[in-house]
Amino acid sequence: MHTASCQHDDHSHPGLTGAPLRGALAAAERRCAETQERLTPPRRRVLELLLGADGPQKAYDLIAAYGAAGEPAKPPTVYRALEFLERLGFAHRIESLNAYVPCRLEAEGHQAAFLICDCCGAAQEFEPDFTAQRAAAEAAGYAVSGITLEARGLCPACRA
Ligand SMILES: [Zn+2]
Ligand SMILES: [Zn+2]
Ligand SMILES: [Zn+2]
């Protein structure tokens, strides 16, 4: 999703292809098997699209790209697959973009945080340390179930 408005030097954030893509899908199959879950064909296809994408994907991008021969998916097929992928930690939704990215950290149940480029639309995941925020929330009597951090700015290529 390198946006048309970005005029900076060609810098793509290519998704996976070929052997690395097949390897990532095989790893996902193994992680599913370990947790008695099934990477059904629709789940696998949506994960494949996310892994192969060059940036965050909106649900309608995935619906349009779903069919190998160009035919779109039924929307519930894609939404259900995304729900599953999020639940198992294979993908994250970036709330401020309303778009999805594959999880590159391969850590289950972690808190995701993103650096988002306002110019080219790149989104990089990093693992935040929310210890202080959790402590503050607990001190205020809250039971925290999740914290989202989406930092916006310019990526290195767009800053140059
Ligand atoms: Zn740019
Ligand atoms: Zn992640
Ligand atoms: Zn950028």
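Calculation notes
Residues numbered from 1 in each chain as written. Chains lettered and ligands numbered in written order. Predicted model: local features only at pLDDT ≥ 70, side-chain atom pairs only at ≥ 80, totals over all residues. Heavy atoms only, no water. Phe/Tyr/Trp six-rings, centres within 6.5 Å; stacked < 30°, edge-to-face > 60°. Lys NZ or Arg CZ within 6 Å of the ring centre and 35° of its normal. pLDDT = per-residue confidence, 0-100. Helix = DSSP H or I, 4+ residues; strand = E, 2+ residues; numbered from the N terminus. Donors = N, O, S within 2.8 Å, 3.2 Å for Na, K, Ca; no water. Tetrahedral: all angles 85-135°; square planar, octahedral: opposite > 155°, others 65-115°. Buried < 20%, exposed > 50% of the residue type's maximum accessible area, 1.4 Å probe, protein only. Expected span 1.5 Å × (residues − 1). Arc of directions from axis to C-beta. Contact = heavy atoms within 4.5 Å.

Overview of the packing of aromatic side chains
Each aromatic ring pair is characterised by the separation of its centres together with the angle its planes make. Tallying each qualifying case throughout the model produces 0 aromatic pairs. It is R43 that lies over the ring of F84; its NZ or CZ is 3.7 Å from the centre.

Remarks on the confidence of the model for the protein chain
Here the protein chain shows a mean pLDDT of 89. Residues at 70 or above account for 94%. Averaged over each element, pLDDT in the protein chain is lowest for strand β4 (residues 123–126) (90) and highest for helix α2 (residues 41–52) (96).

Description of the coordination of the zinc ion (ligand 1)
Around the zinc ion (ligand 1), the donor atoms from the protein are C6 (SG), H8 (ND1), C119 (SG) and C158 (SG), and they sit 2.2 to 2.4 Å away. The site at the zinc ion (ligand 1) holds 4 donor atoms, and with the angles between them running 93 to 118°, its shape is tetrahedral. Of note, the donors binding the zinc ion (ligand 1) are all from one chain and are spaced C-x1-H-x110-C-x38-C. Between the zinc ion (ligand 1) and the zinc ion (ligand 3), a separation of 4.2 Å is found, and both are coordinated by C158. Of this pair, C6 sits in the segment before α1 (18–34) while C158 is found in helix α6 (residues 156–159), placing the two residues 152 residues apart along the sequence. Per residue, the accessibility class of C6 equals that of C158, and both read buried.

Here we look at the coordination of the zinc ion (ligand 3)
In ideal tetrahedral geometry, four donors around a metal make angles of 109.5 degrees, whereas ideal octahedral geometry with six donors gives angles of 90 or 180 degrees. Those protein atoms acting as donors to the zinc ion (ligand 3) are C117 (SG), C120 (SG), C155 (SG) and C158 (SG), and they sit at 2.3 to 2.4 Å. Considering all 4 donor atoms around the zinc ion (ligand 3), the spread of angles at the metal, 103 to 116°, places the coordination shape in the tetrahedral class. Along the chain, the residues that donate to the zinc ion (ligand 3) are spaced as C-x2-C-x34-C-x2-C. By relative accessible area, which is 10% here, C155 ends up buried. Note on C158: relative accessible area 4%, which makes it buried.

Some thoughts on helix α4 (residues 75–87)
End to end, α4 covers 18 Å across 13 residues, agreeing with the expected 18 Å (1.5 Å per residue, within 8%). Along α4, the positions that sit buried rather than exposed are V78, A81, L82, F84 and L85. Along the axis of α4, the buried residues cluster in a sector spanning 160°; they form a single face. Facing away from the buried side of α4 by over 90 degrees, the exposed positions are R80, E83 and R87. Looking at the buried residues of α4, the elements they touch are α1, α2, α3 (59–65), β1 (91–94) and β2 (99–102).

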